Amino acid sequence: MKTHIKMVYGALLLCIQPANAVELDKQSIESVKRFLVAYLAHTNTNNINLLTLYSESAKINVTVTTLDRATTEKKFSGQVWKQLLRQTWYSGQPSIEPIELHDVMIKSIGGNTLEIAAHRYAMRRCYWDNDYQLVIEKTPVGGYQIVKENLLIDHQNQCQRAEPRRSTKQ
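Description of the structure in this document. (Residues numbered from 1 in each chain as written. Predicted model: local features only at pLDDT ≥ 70, side-chain atom pairs only at ≥ 80, totals over all residues. Heavy atoms only, no water.)

**Concerning the state of the cysteines**
Here's step 1: Counting across every chain of the model gives one disulfide.
Here's step 2: Between the sulfur atoms of C126 and its disulfide partner C159 the distance amounts to 1.7 Å. Since a negative S-S torsion denotes a left-handed disulfide, the C126-C159 link at about 90° is right-handed. Here C126, found in the loop between β4 (113–122) and β5 (127–138), pairs with C159, found in the segment after β6 (144–154); they are 33 residues apart in sequence, far enough to count as distant.
Here's step 3: Overall, C159 belongs to the partly exposed group, its relative accessible area being 29%. (Disulfide = S-S within 2.5 Å. Helix = DSSP H or I, 4+ residues; strand = E, 2+ residues; numbered from the N terminus. Buried < 20%, exposed > 50% of the residue type's maximum accessible area, 1.4 Å probe, protein only.)

**Details of the packing of aromatic side chains**
Centre distance and the angle of the planes are the two values used to describe a pair of aromatic rings.
Here's step 1: The full count for this structure, using the stated rule, is three aromatic pairs.
Here's step 2: Taken together, a centroid distance of 4.8 Å and an interplanar angle of 45° make the contact between Y121 and W128 tilted.
Here's step 3: Residue Y121 is classed as buried on the basis of its relative accessible area, which comes to 18%. (Phe/Tyr/Trp six-rings, centres within 6.5 Å; stacked < 30°, edge-to-face > 60°.)

**Description of helix α4 (residues 78–90)**
Here's step 1: The terminal C-alpha atoms of α4, which comprises 13 residues, lie 18 Å apart, in line with the 18 Å expected from a rise of 1.5 Å per residue.
Here's step 2: Residues of α4 that are buried: G78, W81, K82, L85, T88 and W89. With its buried residues spanning 125° around the axis, α4 presents them on a single face. Every exposed residue of α4 that faces more than 90 degrees away from the buried side is listed here: Q79 and Y90. (Expected span 1.5 Å × (residues − 1). Arc of directions from axis to C-beta.)

**As for helix α3 (residues 26–44)**
Here's step 1: Its 19 residues give α3 an end-to-end C-alpha distance of 27 Å, which sits within 8% of 27 Å, the value for a rise of 1.5 Å per residue.
Here's step 2: Along α3, 14 of the 19 residues are buried, which leaves the element largely enclosed by surrounding structure.
Here's step 3: The opening residue of α3 is D25, an N-cap whose side-chain oxygen sits 3.1 Å from the backbone nitrogen of Q27.
Here's step 4: Trailing α3 by a residue or two, N46 shows a phi angle of about 50°, which is positive. (Polar contact = N/O pair within 3.5 Å; in protein donor to acceptor, adjacent residues only side chain to side chain.)

**A few points about the environment of V135**
Here's step 1: Mapped onto the secondary structure, V135 falls in strand β5.
Here's step 2: Here V135 falls in the buried class, since its relative accessible area comes to 5%.
Here's step 3: Here the alpha-carbon distance between V135 and E149, two residues 14 residues apart in the chain, equals 6.3 Å.
Here's step 4: Every residue in contact with V135, bar those within four places of it in the chain, is listed here: I109, T113, L114, E115, Q145, I146, V147 and K148. (Contact = heavy atoms within 4.5 Å.)

Have a look at this one:
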């Protein structure tokens, strides 16, 4: 396993809340962890294989905050979302930015469907999405696919610029 992926997996092991793990069997928890590791690895390396993790019929709800702080909500089907992401990849401008997931909570919401709630941190523009939600469903071949995602995209860079170092020469 590559070092980057091991680090992501290790971080997930530490972040998943044990109280919610109780209601799921160990095999399911491990399967979800593997899914999340793949999701983060694809997202954080701008790997187009991320698109395979989305169901064509997924419901993607995106809240966008623009530079002038106006907020709009956009809804996409999985098919349209994947098409938009594919277009940005092939134009050389991937719209996905590296993220971290913190305080990950997993719960079963019936049958083969699981809800994942987390605090999502966008590393390039340094903002938190504290209401991040991902719903995944087991596929007939045993893996998972995203069937719903609620996320925030904030276009204003909130990273603090480092203070310039002052010269000690006089």
